[in-house]
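Observations on the three-dimensional arrangement
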Amino acid sequence: MPRAYPIERYRNIGIIAHIDAGKTTTTERILFYTGMSHKIGEVHEGTTIMDWMVQERERGITITSAATTCFWTRTRDERKKENEYRFNIIDTPGHIDFTAEVQRSLRVLDGAVVVFDGVAGVEPQSETVWRQADKFGVPRICFVNKIDRTGASFEKAFQSIHTKLTPNAVAVQLPIGEEDAFAGVFDLFSMKGYAFEGDFGESVKEIEVPSPLMEEAKKWREKMVEKIAAEDENLLAQYVEEKEIPEEELRKVLRKAVLRTSLVPVFCGSSLKNKGVQLVLDGVVDYLPNPLDLPPVKGTDPKTGEAIARHPSDTDPFSALAFKVATDPYVGTLTFFRVYSGTLEKGSYVLNTTSGETERISRMFRMHANDREEVEELFAGDIGATVGLKATSTGHTLCDANNPIILEKIAFPEPVISIRIEPKTKADQEKMGLSLKKLSEEDPTFKVKSDLETGDTLIAGMGELHLEIIVDRMKREFGVGANVGRPQVAYKETARKGVEAEGKYIRQSGGRGQYGHVIIRVDPKERGQGFEFINKIKGGAIPQEFFPPIEKGIREAMDKGVVAGYPIVDIAVTLLDGSFHEVDSSEFSFKMASSMALQEGCRKADPVILEPIMKLEVVIPPDFLGDVIGDISSKRGQIEETQDRLNTKVIAAKVPLSEMFGYSTTLRSLTEGRGTFTMEFDKYEAVPQNIAQEIIEGKRR
Ligand code: GDP
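Residues numbered from 1 in each chain as written. Predicted model: local features only at pLDDT ≥ 70, side-chain atom pairs only at ≥ 80, totals over all residues. Heavy atoms only, no water.

Quick word on the nonpolar core
Stated formally: The criterion is simple. A nonpolar core is a set of buried Ala, Val, Leu, Ile, Met, Phe, Trp, Tyr and Cys residues joined through side-chain atoms within 4.5 Å. Only protein chains enter the accessibility calculation, which uses a 1.4 Å probe; a residue whose area is less than 20% of its type maximum is buried, one above 50% is exposed, and one in between is partly exposed. Should any heavy atoms of two residues lie within 4.5 Å, those residues are considered in contact.
Core analysis: the biggest nonpolar cluster contains 98 residues, and F87, F154, I161, F186, I228 and L254 have the highest contact counts within it. Excluding anything up to four places from it in sequence, I161 contacts F116, V122, C142, V144, T166, A169 and V266.

Side note on the packing of aromatic side chains
For clarity, the threshold we go by: Ring pairs shown here join Phe, Tyr and Trp side chains whose ring centres sit within 6.5 Å, with only the six-membered ring taken for Trp; geometry is labelled stacked below 30 degrees between planes, edge-to-face above 60, and tilted in between. A helix here means a DSSP run of H or I that spans at least four residues, while a strand means a run of E at least two residues long, and both kinds are numbered starting from the N terminus.
Per the stated rule, a full pass over the model turns up 13 aromatic pairs. Ring centres 6.4 Å apart and planes at 50° place the aromatic pair F267 and Y287 in the tilted group. Remark: Y287 occurs in helix 9 (residues 277–287) and F267 occurs in strand 11 (residues 264–268); sequence separation between them is 20 residues. With a relative accessible area of 1%, Y287 lands in the buried category. Ring plane angle 85° and centroid distance 5.8 Å describe the contact between Y505 and F588, whose orientation is recorded as edge-to-face. Taken as a pair, Y505 in strand 31 (residues 499–507) and F588 in helix 13 (residues 587–604) lie far apart in primary sequence, 83 residues in all. The buried category is assigned to Y505, whose relative accessible area is 12%. One aromatic cluster in this structure is built from F32, Y33 and F200.

Comments concerning the sheet that holds strand 7 (residues 173–176)
Put simply, the test is: DSSP bridges decide pairing: two strands pair if at least two such bridges lie between them. Between the N-to-C directions of two axes lies an angle of 0 to 180 degrees, each axis being a line fitted to C-alpha atoms and, for a helix, fitted only over the stretch in contact.
Here we have four strands laid out as an open sheet, ordered 7-8-9-10, and antiparallel in their pairing. With one partner strand each, in any of the chains shown, strand 7 and strand 10 (203–207) form the two edges of the open sheet. Neighbour-to-neighbour, the strand axes of this sheet turn through a mean angle of 30°, independent of strand direction. With three bridges connecting them, strand 8 (residues 184–187) and strand 9 (residues 192–197) associate as antiparallel partners. Residue pairing across strands places F186 opposite G193, the latter belonging to strand 9. In this fold helix 6 (residues 211–229) packs onto strand 7 and strand 8, with an angle of close to 165° to the strand it touches most, strand 7. In this fold helix 9 packs onto strand 7, strand 8, strand 9 and strand 10, with an angle of close to 120° to the strand it touches most, strand 9.

Quick notes on the site of the ligand
Keep this limit in mind: One heavy atom suffices: a residue is near a molecule or strand as soon as one of its heavy atoms comes within 4 Å of it. Polar contacts, as used here, are pairs of N or O atoms within 3.5 Å; protein pairs need one atom able to donate a hydrogen and one able to accept it. Residues neighboring in sequence count only if both atoms are side-chain atoms.
With respect to spatial proximity, 16 residues lie near the ligand, and among them D20, K23, T24, T25 and D148 are the closest. In this structure, an oxygen atom belonging to the ligand sits 3.0 Å away from a side-chain N or O atom of N145. Measuring from an oxygen atom of the ligand, one finds a side-chain N or O atom of S270 at 3.0 Å.

Quick notes on the sheet that holds strand 1 (residues 10–17)
An order of 2-3-1-4-5-11-6 is seen for the seven strands of this open sheet, with the pairing classed as mixed. The sheet terminates laterally at strand 2 (67–73) and strand 6 (169–171), the two strands that pair on one side only. Sheet twist, expressed as the average angle between the axes of neighbouring strands with direction ignored, equals 30°. The pairing of strand 2 with strand 3 (residues 84–91) spans seven bridges and is classified as antiparallel. Along strand 3, the bridge assignment pairs F71 with R86.

Topic: helix 9
The element helix 9 is extensively covered by neighbouring structure, given that 11 of its 11 residues are classed as buried. Taken together, the buried positions of helix 9 are occupied by V277, Q278, L279, V280, L281, D282, G283, V284, V285, D286 and Y287.

Considering the environment of F546
Assignment of secondary structure puts F546 in the loop between strand 33 (532–535) and helix 12 (547–558). Judged by relative accessible area, F546 falls into the buried class, the value being 6%. F546 sits 233 residues away from S313 along the chain, and the two C-alpha atoms are 47 Å apart. Among all residues touching F546, those that are not within four sequence positions of it are S585, S586, E587 and F590.

Some words on the pairing of strand 25 (residues 417–423)
In terms of strand pairing, strand 25 meets strand 27 (residues 457–461) through five bridges, oriented antiparallel. Paired with I417 across the two strands is G461, which belongs to strand 27. The sheet contact formed by strand 25 and strand 29 (residues 488–489) spans two bridges and is antiparallel. Bridging from a neighbouring strand, S418 pairs with Q488 of strand 29. Summarising the sheet, strand 25 and strand 28 (residues 482–484) pair through three bridges and their orientation is antiparallel. When the bridges of strand 28 are listed, P423 appears paired with A482.

Function cannot be read off these values alone, since they describe shape.
This is the structure in C-alpha cells:
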C-alpha cells in the first residue's frame, strides 16, 4: 500500500512552553481546528483531551509525551486533499521535574512551536527548554499567547525573546489591539488584518485596521523584510535596490532561514479567546521542516562500530527510535516510536539492537486526540505506537534485522533523590515489584533499587514531585498499598587527587591458593564525566583473561564509597602493573585484589561527598523579597540574580537539594501563599566539611 501523504507534507512538531504559558489550551485549539476534537475542553474544567491521565487532570500539568496525528490545510489554500498536511504533535511536559520527557520529545520532533505568556514574556524555564532545543538544533517558531490578558504587551514579549533567547527573532505579525481590546492579528507579509469569528473563532476573516496601527506595521514590516533579505543574496540585491519583494519569495527565504535556525519568526494571539491559532498552524506548514529537510539520522553498525546513516526514505532499511513507553488503560503497554527510514508492516519482526531481542509487531496504531486508528503499515517520517513489546524501553532502536543500526542514545540525567517504600501486605509486595518495573520502563529517570544492607526497596527520581506522582500512579493504577519514607538525597563520592594504590589478594591456606595482585592509578575526572577504565599494563604482567574481572572488581567497589558509603563517581582508573601465579591466580582473586586497590586508592585520594545542587527560581510579590532571600541564604543558597518582572520579583539561586525538602510549605508561609517556585537539577558539588560530618554520622536525612 503506498503512503497516503507524501513525506513533504508531514510536520512532526512539539508545542513547548513554560508551565502556565498556555500549551494545553493551545494544543486543544489546534486539535479543535484540525477537526479532530469536536468539543473544546477547558483546562480548568478538567476535561482536556491530551491529558488523559487522572493525575495530570488533577494537577493540571502535562507529564506524558503522547503523540497525536491531525490534518491541516493552510488558511490561504483551497480546501482539497492535495493541500492537506499531516501533523504529528508530540506532547512535551511543562514541568521542569520532567526535563527528561522534554529531551526525549525534542529528539524525535523536527520542529517546535514555543509558546510564551504575553504578560510574562520569557520566563527562566522557557530559557532552559530553549537551550535544550538549541542543543538538538530544533527549528522553531514562537507564539506569544495571552495577548488578551491585562498587562500583555507583544512588543515587550518580543523584546524579551530577542534579548534573552535569540537575536534571530523576527516578528511576522502584530496584535490588533491588546488586553481587553485585542481584536485580531495583523500579518506583516500580506499587510492585512484578520479577525476570528464564530463561537470558537473558527472562521478567519479579513478586516480593516485603524491607520495608526497601519503606520506602526510599516515599521515592523521594514525590519522583517530587512532581516529576511539578509538571508539571501538575491533578495538582498532586490532589497538594496528598493524593489518590492513578492510575499511568497519572502516566505520561501524565511523558511530556509528557519530550517537552519538562523531566523525565528514570532506570532501572536490568544488561544483562550480563540484568536490567531490558525495562522500559527499556517506558520508550521510554511516554516517548520518536513522529514526530508533534515540531515539523515546517524547511528552505528552494532557489529563493526562503524558510523552509518539512514535516509528518510521508504526504500532505505527500516529504522525507528522508541521514545515513549506508556501504559494505556485499554490496550496495555504502548510503545511510541518514530520511523526514520523504511517501512514497517503489521505482523513483521524487528530487531531491537539496544537489547538484542527480536520483537514481533502484532498491532500498530496512529494516535488521534480521542481515538486510535489501527494501521497496516507505517512509513519513513511516521510516528506510531505498537503494543506488546517485551524488551523495548525508551531510547531503544528498532530496525531491520538484516540491516542493523543503533541510533544515537538519548542521554538522561541520573536521579538525585530517593525514598524508601514498603508494601503494606504480602500481596502488595508482588504487585509493587511489578508496578515499579513497569513505571521505570516508562520513565528512564526513574530507578528502582534495593538497599543491599536492609533489603528495602528504594525508588529514585529527579525531584519530590516526580516521585510523588509515581507513588500516586502506583497506588491508583496498580492498586498497591505502600508506606512511603522521607525523601533522601542521592549523595555521591569522588576523589580529588591522583594517587597510586596496590591491591593484593593472596591466600595460601589449605587446598588451592588464591593469588591476585594489581597496581592502579586513581585520577579525578570532571563532574558528570563518569567512570573510565584505562589499561596500561605491559609485557604480560597479568594475563589478558583477568582484565575483565579486574574492571568488574573496580566497578563493584565503586558502589560503596570510602567516606560514607555512597557510590563513587567521576574517576579514571588506570591499571598500571601487577603479578600473577601460574596455578593460584583466578578471576575471583583478581576481582578481590582490584576492589581492594580501589578502596585503598580512594581513601588516599582526598575523597569527598558530593551533593546535588538545584537551580531555583522563585517568583514573589516585592514585599517578601527580604524574607525569601534571607531564607535561601540560610539554606546555603547562593543568589545569582534578582529581577523585576511586572509587579513581581524573580529570584534566581543555586541551593543544595538537601536543604529544599518541603520548600513549597516554607515558601507558602513566608509569602502568605503568593510565591511560586520551580527547581531543576543543576550539578553535583562537594559538600562543606561540617555538613559532611553530619552526613557521616547519619544526622542528615
Ligand atoms: P500550560 O500549563 O502551558 O499547559 O497552560 P494551560 O493551557 O493550562 O494554561 C494555563 C492557564 O492560562 C489556564 O488557566 C488557561 O485558561 C490560561 N490561558 C491559556 N491561554 C490563554 C490566553 O490566551 N489568554 C488568557 N487570558 N488566558 C489563557
